[in-house]
Amino acid sequence: MLLAKNGVLPSHLFRPEIRTSWQCCFNLGLDPYDKPRLDTVSQSALAQLREQNELVRHLALIEMRNLQQQIAGSNFIIIFANRDGIILDEISEDIATPDTTASRTAPGNIWSEDIKGTNALGLVSSSCEPRIVHGSEHYFEKYSDLTCAAAPIFDPCGEMTGIIDATSDCRSRQRHTLALVKMSCLTIENSLFRNCYMEKLIIEFHNRHEFLGTLHSGMLAFEQDGSLVRPNRQANFLLQGIPLHPKAHFNEIFSTPFDEFLNSLHKSLLVHLTDTKGSSFAVKAFNFYPDRFYNISVNPSKKTIKRLGMVYDDPEVESTVKMVERAVQVNAPILIRGETGTGKELLARYAHMASDRKGDFVAVNCSALTETLIESELFGYTDGAFTGAVRGGSVGLVQQADKGTLFLDEIGVMPVQFQVKLLRFLDRWQIRPVGATVDIQLNIQLVSASNSDLTEAIQSGKFRGDLLYRINAVEVDLPPLRERTDFNLIVKTILETLDKPPQLEMEALELLESYHWPGNIRELRNFLTRLSIFTGVEKEIICAKDVQSLLRNLPSKISEKDKRGNLAEQERDIVLYVYARHKGNISAVARELGISRNKVYKKLKEARPQRS
């Protein structure tokens, strides 16, 4: 090798950045025929680095899984490294991935240029620019069987905060790999931008409205007074010639005054603006909470609340209701989280009534949709669109919610392949029925709900991170019944819905409150209905013995001392109650309480000395 002899690499052999890197490695005294050092950080140092990069790492893992699906079957290993080239995570295909390659890219390995020679990860770390290194372009001969494509991730301040790398056997080279890696990095950067400025007004803009929500759109974050906090990279490109320095005012960037812009957002979150140079943009707003910017009077009817049977004397639930009231005034998509039976659909119906929309409330249970017909069920279809279609076509559930509210319950179980189509709808609020050639524009208040952990679903590849960002402009949580402070009022409200509502003795009410209620308000409602049937319509007062007969193995009275018992004791008592009610069926207890069988056995073992 010529370089090994005299330290000079002929200019016609490699690209300039590769030649420069080789020369640098030679000057450092690295021998291209030697075995590269395997420098790693300790497990404690790796854990610390992961913690320091927690947010970007979380977003990177989501995008790495998406990238893996895009290049599946190509034996790629997807790597996330910090700015110094230290590998923090890697994802590989289980099949046909050589053990030698995997060991090279294990978390903790350092791939800086001075250790691993010329490689894509090291080049990005030193240059802060995307790089691809193929086969014999690697300085060390041992790595000549690899192709690496890497790109930097920049934080909102413009500092490199991480690197994504796709590495494979050089025989699996794909020309578009670097482009896909760069797109993944841009996606992570946009997610970082939204996360960093969740409390700021963010506007997303592009010259063409169909590019909103894509990597081509620019984003600007503003303070309440209209001063600029930060632009993203694409914003700098789209607004060339306009100073986007911190504290630059909205009025220095756009010809529409900031106050007028806010007033237009009150009517629609999608508006049009012209910059001070005369270019026109479609603009979409995020994190626009009217009460932060100017006073909006929202006075939902108390009759509405009573008619729905809503109870919100609990401070946390009251705060949630008020947040929903504000959200529907600006047509912001709402995501309701909570355990099963906590009243997510009830809150969604209240959102519809508080919005004063003239259209219908359409509830869709995503878990009940037929996977093969989900598109036609939601978006509808035209006459003759497919075999078995109803003559004349059918209006889909989404279109039925036009000028009203669409409630997507259990959205976390929606098939991943359909999530892409839902994303397209949420970008433009347009649908195209199956078999149609023209889009239909809709005006919908979107409310989604989930009792599953969507973040975990994203990490496992079952839910798209970009879809979560579309549906959770306003995200609220409904606490479980066992944590609510207005339990007594909930019981009273449910009993009032019965034909001849009975009264509960205080001791009976205390027994009810002491139960865990894994099914939450839904379980409580069913129990009270069953209780009124078993005790008979002629009985006006229900005592503790009546409750005990149906809800067995509860204490006859809860003392103040018991109420103050520690969490471990409460957990043990709950397991005992459910264990007795299921007559010793361990699996049934574990299912009802949502815990493992081992934990059930552990709690029963803890209780044995006290029961003897």
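So, here is what we can say about the structure in this document.

Quick notes on the rules
Residues numbered from 1 in each chain as written. Predicted model: local features only at pLDDT ≥ 70, side-chain atom pairs only at ≥ 80, totals over all residues. Heavy atoms only, no water. Core = buried A, V, L, I, M, F, W, Y, C linked by side-chain atoms within 4.5 Å. Buried < 20%, exposed > 50% of the residue type's maximum accessible area, 1.4 Å probe, protein only. Pairing = 2+ DSSP bridges. Helix = DSSP H or I, 4+ residues; strand = E, 2+ residues; numbered from the N terminus. Axes fitted to C-alpha atoms, helices over the stretch in contact; angles between N-to-C directions. Contact = heavy atoms within 4.5 Å. Expected span 1.5 Å × (residues − 1). Arc of directions from axis to C-beta. 1 Å grid on protein atoms, 1.4 Å probe; cavity = no way out; pocket = protein on both sides within 12 Å on 5 of 7 lines; lining within 4 Å. Points joined across faces, edges and corners; volume = space filled by probe spheres on them. Nonpolar A, V, L, I, M, F, W, Y, C, P; charged D, E, K, R; others polar. Polar contact = N/O pair within 3.5 Å; in protein donor to acceptor, adjacent residues only side chain to side chain.

Right, let's talk about the nonpolar core for a bit. Ranked by size, the top nonpolar core spans 49 residues in total, and within it Leu220, Phe261, Ile334, Ile336 and Leu347 carry the most contacts. One finds Val362, Cys366, Ile431 and Leu468 within the second-largest nonpolar core, a separate group that totals 32 residues.

For the rest of this paragraph, the subject is the sheet that holds strand β5 (residues 160-169). Overall, antiparallel pairing links the five strands, which are arranged β2-β1-β5-β4-β3 in an open sheet. Two strands close off the open sheet at either side, each with one partner strand: β2 (87-92) and β3 (131-134). Taken over all neighbouring pairs, the strand axes of this sheet differ in orientation by 15° on average, direction set aside. Sheet topology note: the strand β1 (residues 77-81)/β5 ladder contains five bridges and is antiparallel. Counterpart to Ile79 in the pairing with β5 is Asp165. Here helix α4 (residues 54-70) sits on the sheet and contacts β1, β2, β4 (146-154) and β5; the angle it forms with β2, its principal contact strand, is near 25°. Sheet contacts for helix α8 (residues 177-196): β3, β4 and β5; angle to β4, the most-contacted strand, approximately 25°.

Another point: helix α23 (residues 520-535). Helix length check: α23, at 16 residues, gives a terminal C-alpha distance of 22 Å against a target of 22 Å (1.5 Å per residue), a fit within 8%. When α23 is considered as a whole, its buried residues turn out to be Asn520, Ile521, Leu524, Phe527, Leu528, Leu531, Ser532 and Thr535. Mapping the buried residues of α23 onto a view down its axis gives an arc of 135°, with all of them on the same face. Residues of α23 that are exposed and angled more than 90 degrees away from the buried face: Ile533 and Phe534.

The tally for this structure, following the rule as stated, stands at one cavity of 30 Å³ or more. The volume enclosed by the largest cavity comes to roughly 60 Å³. Taken together, Ile79, Ile87, Thr105, Trp111, Asn119, Leu121, Leu146, Cys148, Asp165 and Thr167 make up the full set of residues lining the largest cavity. Sorting the residues of the lining of the largest cavity by element identifies β4 and β5 as the ones contributing at least two each. A per-class count over the lining of the largest cavity returns six nonpolar, three polar and one charged.

Further remarks concern the side chain of Asn119. Looking at the secondary structure, you find Asn119 in the loop between α6 (113-116) and α7 (120-127). Residue classification places Asn119 among the buried residues on the basis of a relative accessible area of 1%. Reaching out from Asn119, the side chain makes a polar contact with the backbone nitrogen of Leu121 at a distance of 3.1 Å. Beyond its immediate sequence surroundings of up to four residues, Asn119 is in contact with Trp111, Ser112, Glu113, Val133 and His138.

With that settled, the discussion passes to the sheet that holds strand β8 (residues 228-231). In spatial order, the strands read β8-β7-β6-β10-β9; together these five strands make up an open sheet with antiparallel pairing. Of all the strands in the sheet, just β8 and β9 (270-274) have a single pairing partner and so form its edges. Across the sheet, the mean angle from the axis of one strand to that of its neighbour is 30°, orientation sign disregarded. Direction of pairing for β9 relative to strand β10 (residues 280-286): antiparallel, over a ladder of five bridges. Its bridge partner lying in β10, Leu270 is registered against Lys284. Packed on one face of the sheet, helix α11 (residues 258-267) meets β6 (201-206), β9 and β10 and runs near 85° to β6.

All quantities given are derived from atomic positions and should not be read as evidence of function.
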